[in-house]
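Each chain, written out:
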Amino acid sequence: SSLPESLKRAIRCFVITCAIRRLRGQTTVHNSMLIHVSRFQLWQYHITELVSNQFIYYRRGIDQNDSVILDEFKATFEQDENSYKSYVTVSEQILNSELKTLDSQIKVHKWSEVVQRFKDAASLIEVKSIHGGSGEALDYFDHKNGLSVIAVGGNKLSRGLTLEGLSVSYYLR
């Protein structure tokens, strides 16, 4: 009847990632998040509804500059937890490793920079149920200025469908 905190955090990570890409000038790129928690289509529809409701809650909070919601995003951006490393920590680890040469735009962004891109990033995100019976498609080619999507599905997503700009995956096996 409700989403686990780990999935809520994953949704926040996706919004943060979309905002950071906009901050880096990547405004016409595709952004995708994959959620695969069941192979059963009825559960996928149910999870899609729960994810959509949670995302709408976040988007409204962003639009209204709700301090409680923005503090949740800030904690996700800055604070490590037991099995989670924040964006700040991961960025620092990349910059202190051999991976730093792979992307010249990687840096430790400031929260004040990232939060300024939230409204634009969140306004573009769609939640879709993608499976054989849903009738929805990931129409990347129809979105020349980039599609930002949270795709909830099952085997169709996990076996061969390419998700352009995939940055966050939430998977149960």
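Shown above is the structure to which this text applies.
Draft legend 1. Quick peek at the sheet that holds strand S4 (residues 166–171). Here 4 strands make up an open sheet; going across it, the order is S2-S3-S1-S4 and the pairing parallel. Here the strands that pair on one side only, and so sit at the sheet edges, are strand S2 (125–130) and S4. With strand direction ignored, the average angle separating the axes of adjacent strands in the sheet is 15 degrees. Pairing analysis gives 5 bridges linking strand S1 (residues 31–36) to strand S3 (residues 148–153), with the strands arranged parallel. In the sheet register, Asn31 faces S3, and the bridge partner there is Ser148. Of the strands in this sheet, S1, S2 and S3 are in contact with helix H2 (residues 41–63), which crosses S2 at around 175 degrees.

Draft legend 2. The arrangement of the nonpolar core in detail. The biggest cluster of nonpolar side chains holds 36 residues, and the ones touching the most others in it are Met33, Ile35, Phe73, Phe118 and Ile150. In terms of residues, this core owes the most to one element, helix H1 (residues 5–23), which gives 10 residues. Leave out the neighbours within four places in its chain, and Phe118 touches Ile16, Ala19, Ile62, Leu70, Phe73 and Trp111. By size, the runner-up hydrophobic cluster in this structure holds 8 residues, among which are Ile130, Leu138, Val149 and Ala151.

Draft legend 3. Fine view of helix H3 (residues 67–78). Compared with the 16 Å implied by 1.5 Å per residue over 12 residues, the 16 Å span of H3 between its first and last C-alpha is a close match. Contacts from the buried residues of H3 go to H1, H2, helix H4 (87–95), helix H5 (111–115) and helix H6 (118–124). With a side-chain oxygen lying 2.9 Å from the backbone nitrogen of Val68, the N-terminal cap of H3 falls on Asp66.

The rules we used
- Residue indices follow the written sequence of each chain, beginning from 1 at its first position.
- Under the rules for a predicted model, residues below a pLDDT of 70 receive no local features and side-chain atom pairs below 80 are neither given nor counted, while totals for whole chains, interfaces and linings still include all residues.
- No hydrogens and no water enter the side-chain calculation; it runs on all heavy atoms of the structure.
- Pairing between two strands is assigned when DSSP locates at least 2 bridges connecting them.
- Only DSSP runs of H or I covering at least 4 residues are called helices, and only runs of E covering at least 2 are called strands; the numbering of each starts at the N terminus.
- The axes used here are C-alpha line fits, helices contributing only the stretch in contact, and every angle between their N-to-C directions lies in the interval 0 to 180 degrees.
- By definition in these notes, contact holds between two residues if any of their heavy atoms fall within 4.5 Å.
- In these notes, a set of buried Ala, Val, Leu, Ile, Met, Phe, Trp, Tyr and Cys residues joined through side-chain atoms within 4.5 Å is what counts as a nonpolar core.
- Exposure classes here rest on a 1.4 Å probe applied to the protein chains alone. A residue is buried below 20% of its type maximum, exposed above 50%, and partly exposed in between.
- Residue count minus one, scaled by 1.5 Å, sets the expected span of a helix.
- N or O atoms closer than or at 3.5 Å make up a polar contact, with two conditions inside protein: a donor-capable atom paired with an acceptor-capable one, and, for residues adjacent in sequence, both atoms drawn from side chains.

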